[in-house]
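Residue-level listing of the chains:
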Amino acid sequence: MAMCEDGLLCNFSRCRARLSGFAWVTACSHVFCDRHGSGEFSRAPALCPACQSALAGKLDIVRTELSPSEEYKAMVLAGLRPQLILDIAARALAFWTYQIHQERMYQEYSYSKAEGRLRQMEKVYTQQIQGKELEVSNSRGEVSSLKKLLEEYKKQYSEISEKLMERNRQYQKLQGLYDSLRLRSMAMSSEGEPPMPAGPPGAHFGLPLGGMSKFAPAETTVGKGSGEGDFRLRPSFFGSPVPDGPGGFFGFSPGDDRAPHHQHQASNPGPSCSFRMKKM
């Protein structure tokens, strides 16, 4: 705490207030404000609150007015010899110099103590700042990696979306083809049209055949039955399904004669026919 420009400070450790009005001055060169001086020096034996010195003398404690009147200043040293007046003034100046020196020492002590606390706090805050900077650096690295991962996910999502759209287009195309085939079959079944001539699978419905002609169904012998010479032929994987009965998906009208149909199949075998032969 800085020295006041126009007065001294109370030497009581918990006060340090600027002196005004009346002050208590001790023989050990300490001064106190009127409030703390009245409280401390009212007890016996009187001890200096600053240095704990015993103040037993009659003039060891003096209550003085800091701003005396003009009449007091005119009469307090009147009649004294110059040497005595100078001695009194020198003692008063020595008291003032001592107070200034004590205040300077107190300020230096306070400054060094505050500087030590400041260095300690600066060290702690530096460590905390370094830790926070490390956390920020790690967080930035995590954010960068997450951004890269997000970009990869976006790319994968875009690819999957394109594939899904393509599958949806294929599905819509197949669904339309299936609906048209189903409606055509229903129309044929209701109008009683004759069965379609034998031919490669899908040739009657406008399906692209491509290289399907080279996959001719090969009839293989499944096995012999209980009777001698019994055998049964079954079309291979690429053969057409067995014709359904009346009212089926590819069914025929009830009025069709099955015998001519079988004769027609026997005379015109094709890859779309599926039949069973059993030797009697």
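Please refer to the structure higher up on the page.
Residues numbered from 1 in each chain as written. Predicted model: local features only at pLDDT ≥ 70, side-chain atom pairs only at ≥ 80, totals over all residues. Heavy atoms only, no water.

**Some points on a nonpolar patch on the surface**
So, point 1. On the surface, a cluster of nonpolar side chains totalling about 460 Å² of accessible area is made up of Tyr72, Val76, Leu77, Leu80, Leu84 and Ile88.
So, point 2. When its relative accessible area of 40% is taken as the criterion, Val76 is described as partly exposed. (Patch = residues over 30% accessible without salt bridge, like charges linked within 9 Å, V, L, I, M, F, W, Y side chains within 5 Å. Areas by Shrake-Rupley, 256 points an atom, 1.4 Å probe, with all protein chains shown as cover. Salt bridge = Lys/Arg side-chain N within 4 Å of Asp/Glu carboxyl O. Buried < 20%, exposed > 50% of the residue type's maximum accessible area, 1.4 Å probe, protein only.)

**Topic: the layout of surface pockets**
Using a probe with the size of a water molecule, rolled over the atoms, empty space left in the structure can be pinpointed.
So, point 1. Each pocket or cavity is described by its volume, and for the largest pocket that value is around 1,200 Å³.
So, point 2. Looking at the largest pocket, it is lined by 32 residues, and the ones nearest its centre are Val25, Thr64, Glu65, Ala92 and Phe95.
So, point 3. Element by element, the count of residues in the lining of the largest pocket is highest for helix 3 (residues 82-191), at seven residues.
So, point 4. Classifying every residue of the lining of the largest pocket gives 19 nonpolar, seven polar and six charged. (1 Å grid on protein atoms, 1.4 Å probe; cavity = no way out; pocket = protein on both sides within 12 Å on 5 of 7 lines; lining within 4 Å. Points joined across faces, edges and corners; volume = space filled by probe spheres on them. Helix = DSSP H or I, 4+ residues; strand = E, 2+ residues; numbered from the N terminus. Nonpolar A, V, L, I, M, F, W, Y, C, P; charged D, E, K, R; others polar.)

**A closer look at the sheet that holds strand 3 (residues 61-65)**
So, point 1. Taken together, the three strands give an open sheet; going across it, the order is 2-1-3, and neighbouring strands pair in antiparallel fashion. Every interior strand has two partners, whereas the edge strands, strand 2 (31-33) and strand 3, have only one. Neighbour to neighbour, the strand axes of the sheet diverge by 30 degrees on average, direction disregarded.
So, point 2. Direction of pairing for strand 1 (residues 22-26) relative to strand 2: antiparallel, over a ladder of three bridges. If you follow Val25 over to strand 2, its bridge partner there is Val31. (Pairing = 2+ DSSP bridges. Axes fitted to C-alpha atoms, helices over the stretch in contact; angles between N-to-C directions.)

**Description of the packing of aromatic side chains**
The geometry of an aromatic ring pair is captured by two quantities: the separation of the ring centres and the angle between the planes.
So, point 1. The tally for this structure, following the rule as stated, stands at two aromatic pairs.
So, point 2. Ring centres of Trp24 and Phe41 lie 5.9 Å apart, and the angle between their planes is 50 degrees; on these two criteria the pair is classed as tilted. Placement of Trp24 in strand 1 and of Phe41 in the loop between helix 1 (34-40) and strand 3 is noted, with a sequence separation of 17 residues between them.
So, point 3. An angle of 75 degrees between the planes, with centres 5.7 Å apart, marks the rings of Phe32 and Phe41 as edge-to-face. (Phe/Tyr/Trp six-rings, centres within 6.5 Å; stacked < 30°, edge-to-face > 60°.)

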